[in-house]
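Observations on chain architecture
Residue-level listing of the chains:
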Amino acid sequence: MPTTLPDPVDYLDHAAREGRGYKLRLLDALDLRPEDTALDLGCGPGTDLPAMAERAGSVIGVDLDPVMVAEARRRTEGLPVEVLLGDAHALPLAPGSVSRVRVDRVLHLVRDPAAVLAEVARVLRPGGRAVLAQPDWETLVLDPGAVSVNLAFNRFVCDRVVRHPAVGRRLARLASGAGLRVESVGTTAPVLRDFDTADHLLGLTRNAHRAVAAGHLTRAAADAWLADLAAGPFLAAFTLFRVVVTAP
């Protein structure tokens, strides 16, 4: 079972494959049209840029990681896509320069989610639309295994691993505070039934071992819990919040 960090590009591609259904719902909610200039904020290796380019007139991807930017540029060569190196807190775009913005599982990583949403409001033209999606990591449930260990694992991940683990539930409020109009709030609960897939995407083994080292779990409890999960039948699920906003 993996105890080291996965390759970032491979990890994001794997997550995209598992999340095809919700990603399509995000794309539909974005309501892209040929006259739109669309921004994928935190585009990673460009996994979603080609699908956006099929619907929008032009697409801009922005990411902070030069490796991701290079890979996204490679994957979108020949498409109406521009990929820029940039910080989500200070986007390299003029005010009102885009009509659509997609922010998918980015805000738990940034320094200041409210500041990033203020940037979204700045670059959106009046009447423009943004779709925001974020998991709430406190809602992660796993079966089988001791519920008490599941809860202790969640507490460790939320306290020590994920920067803003509960930003999903705060999306609508933060977007309103940035001056955006909240049009809808919805949730979905992605379900994983394969332990190896969940272990890769959720870092179950890796973070359980880290929790032991930090004193949040005993070695015996962590080992028994992981053994139960691997024996299955396995299930993991969490709440993913989806918020659609518009610029006044």
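Keep in mind that what you see is a predicted model, and the values were worked out from it rather than measured.

1. Thoughts on the overall build of the protein
Within the protein one finds 10 helices and 8 strands. Seen through its C-alpha atoms, the protein measures out along the principal axes to roughly 55 × 35 × 30 Å. Per-residue burial over the protein gives 51% buried out of 248 residues. In the protein, 74% of the contacts between residues at least 6 apart in sequence involve partners at least 24 apart. Computed over 28 positive and 30 negative side-chain charges, the inter-centroid distance for the protein is 4 Å.

2. Quick look at the pairing of strand S5 (residues 124-143)
As paired strands, strand S4 (residues 98-104) and S5 are joined by 6 bridges and run parallel to one another. For Asp104, the partnering residue across the bridge sits in S5 and is Ala133. A crossover connection joins S4 to the parallel S5 through helix H5 (residues 113-123); in handedness this β-α-β unit is right-handed. Direction of pairing for S5 relative to strand S8 (residues 235-246): antiparallel, over a ladder of 11 bridges. Bridging across to S8, Ala130 finds its partner in Val245.

3. Comments concerning the pattern of salt bridges
As enumerated under the stated definition, the model contains 17 salt bridges in all. With its nearest N and O atoms 2.9 Å apart, the salt bridge here joins Lys23 to Asp48. With Lys23 in helix H2 (residues 20-30) and Asp48 in the loop between strand S1 (37-41) and helix H3 (49-55), the pair connects residues that are 25 residues apart, well separated along the chain. When sorted by exposure, Lys23 lands in the same class as Asp48, which is buried.

4. Considering the side chain of Ser99
Relative to the helices and strands, Ser99 resides in strand S4. When neighbours within four sequence positions are excluded, Ser99 is seen to be in contact with Asp36, Thr37, Leu124, Arg125, Gly128 and Arg129.

5. Observations concerning the nonpolar core
Ranked by internal contacts, the top residues of the largest apolar core, which has 30 residues, are Leu39, Leu41, Val120 and Leu132. Elements with a minimum of two residues in this core: S1, strand S2 (58-63), S4, H5, S5, helix H7 (167-177) and S8. Sequence-distant contacts of Val120, defined by excluding residues within four places in its chain, comprise Leu41, Val101, Val103, Ala130 and Leu180. Counting residues in each nonpolar core, the second largest holds 25 residues, with Phe156, Val162, Ala208 and Val212 among its members.

6. What to know about a nonpolar patch on the surface
Residues Val141, Val191 and Leu235 make up a contiguous nonpolar surface patch of roughly 220 Å² in combined accessible area. As for its placement among the helices and strands, Leu235 is situated in strand S8.

7. Let's talk about the packing of aromatic side chains
The tally for this structure, following the rule as stated, stands at 3 aromatic pairs. Residues Trp137 and Phe238 carry aromatic rings whose centres are separated by 5.1 Å and whose planes lie at 40° to one another, so their mutual orientation is tilted. Here Phe238 lies in strand S8 and Trp137 lies in strand S5, a separation of 101 residues in the sequence. In this structure Trp137 comes out as buried when scored by relative accessible area, which is 17%. For Phe238, a relative accessible area of 12% gives the class buried. Judged by centre distance (5.6 Å) and plane angle (80°), the ring pair of Phe195 and Phe234 falls under edge-to-face. Highlighted residues: Phe195 in helix H8 (residues 195-202) and Phe234 in the loop between helix H10 (219-231) and S8, separated in sequence by 39 residues. Residues Phe195 and Phe234 agree in their burial class; the two are buried.

8. Comments concerning unusual backbone geometry
Cis rather than trans, the peptide bond between Asp143 and Pro144 has omega equal to 0°. With respect to the secondary-structure elements, Pro144 resides in the loop between S5 and helix H6 (147-161). Positive phi is not limited to glycine here, since Asp31 has a value of about 55°. Tracing the backbone shows Asp31 in the loop between H2 and S1. What makes Asp31 partly exposed here is its relative accessible area of 28%.

Definitions and limits used
Residues numbered from 1 in each chain as written. Predicted model: local features only at pLDDT ≥ 70, side-chain atom pairs only at ≥ 80, totals over all residues. Heavy atoms only, no water. Helix = DSSP H or I, 4+ residues; strand = E, 2+ residues; numbered from the N terminus. Buried < 20%, exposed > 50% of the residue type's maximum accessible area, 1.4 Å probe, protein only. Contact = heavy atoms within 4.5 Å. Lys, Arg positive; Asp, Glu negative; His and termini not counted. Charge placed at Lys NZ, Arg CZ, Asp CG, Glu CD. Pairing = 2+ DSSP bridges. Right-handed = clockwise from strand over helix to strand, strands pointing away. Salt bridge = Lys/Arg side-chain N within 4 Å of Asp/Glu carboxyl O. Core = buried A, V, L, I, M, F, W, Y, C linked by side-chain atoms within 4.5 Å. Patch = residues over 30% accessible without salt bridge, like charges linked within 9 Å, V, L, I, M, F, W, Y side chains within 5 Å. Areas by Shrake-Rupley, 256 points an atom, 1.4 Å probe, with all protein chains shown as cover. Phe/Tyr/Trp six-rings, centres within 6.5 Å; stacked < 30°, edge-to-face > 60°.

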